[in-house]
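Residue-level structure breakdown
As a plain string of letters, each chain reads:
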Amino acid sequence: MAKLIDGKLISQQIKDELKMKTAELEKQGIKGCLAVIQVGTDPASSVYVRNKKRACEYIGIESRSYELPQETTEEELLELIAELNADEKVNGILVQLPVPEQIDENKIIQAISPAKDVDGFHPQNVGALVSGLEGFVSCTPAGVIQLLKRSDISIAGKNCVVIGRSNIVGKPMALLMLRENATVTIAHSKTNNLQEICKKADILIVAVGKPKMIDESYIKEGAVVIDVGIHRKEDQKLCGDVDFDRVLSHVSAITPVPGGVGPMTIAMLMHNCVQAMTR
Ligand code: GUN
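Residues numbered from 1 in each chain as written. Predicted model: local features only at pLDDT ≥ 70, side-chain atom pairs only at ≥ 80, totals over all residues. Heavy atoms only, no water.

Concerning helix H6 (residues 139-150)
The terminal C-alpha atoms of H6, which comprises twelve residues, lie 16 Å apart, in line with the 16 Å expected from a rise of 1.5 Å per residue. With nine of its twelve residues buried, H6 lies for the most part within the structure. Looking at the packing, one finds that the buried side of H6 touches helix H1 (7-27), helix H7 (170-179), strand E7 (203-206), strand E8 (223-227) and helix H10 (262-278). The positive-phi residue at the C-terminal boundary of H6 is Asp152, with phi of around 55°. (Helix = DSSP H or I, 4+ residues; strand = E, 2+ residues; numbered from the N terminus. Expected span 1.5 Å × (residues − 1). Buried < 20%, exposed > 50% of the residue type's maximum accessible area, 1.4 Å probe, protein only. Contact = heavy atoms within 4.5 Å.)

Structure representation (structure tokens):
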């Protein structure tokens, strides 16, 4: 029987641990404050932002909301970030992505002080991860590591294939698995013989962004499968990048969608916020 990796439960455990930590910090007079900036009213972004603010409230840190109009200029957004960088009360800054096209996303990421970059997107934090130094780690891949560890799935020495090479998930995911001593392959949309490569994976992490692309022909018997994808189907139900029903009888453990990786992203954002408070 395949084990279902319960991201809802594990993310709740993490948030409860963090709630205790913030209570202790508060006794020492240390208070947390996350500034959340959203430009425009993209409905998916609004849901994410609302959930992030809710999580702040749950673990006991203040969240400050900045809802800027769609037509905000790059200069205006950079000005707000500069103000928040200088504000000693604010220890975390998050700009919900994507930003409207008149704004250069990379400029925004680089404008956030690396010490307040709780998303872990700033090149200084990415560089720290590459070099094995302390820094903020991108939340979704950090959440995947927690899912594996807290499900007692050993990583060291395992063959791990990551499908996807985005800056937010694929690349940091591969680096984190390497840091945990896995043997790591990064595959992507241009990879030849993708099925053959995936079939060698003891741990297959899928972040391709294509609904149900991965079926049993990609899976080694007994592999662990982590599905980072999330898509809304025509019937309004959610599905991942993995065809869950088809791979289930071939895997030893798998994350469901929803309720797998999804809830972990916010839990790890809260982890980074608490890290920012204690630095
Ligand atoms: N958009 C999609 N995922 C993320 C994330 O993890 N952080 C931010 N800031 N924006 C996102």
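Text resumes after the structure shown.
A short note on the pattern of salt bridges
This model, assessed by the stated rule, comprises ten salt bridges. The salt bridge involving Arg64 is made with Asp87; its shortest N-O contact spans 3.1 Å. Pair noted here: Arg64 is in strand E3 (residues 62-68) and Asp87 is in the loop between helix H3 (74-86) and strand E4 (92-95), with a separation of 23 residues, a long-range link. A salt bridge links Glu216 to Arg246, with the nearest nitrogen and oxygen atoms 2.9 Å apart. Residue Glu216 is located in the loop between E7 and E8, and its partner Arg246 is located in helix H9 (residues 244-247); the two are separated by 30 residues in the primary sequence. Since its relative accessible area comes to 26%, Glu216 is described here as partly exposed. Judged by relative accessible area, Arg246 falls into the partly exposed class, the value being 43%. When salt bridges that share partners are traced, they join Glu62, Arg64 and Asp87 into one network. (Salt bridge = Lys/Arg side-chain N within 4 Å of Asp/Glu carboxyl O.)

Geometric values such as these leave the question of function open.
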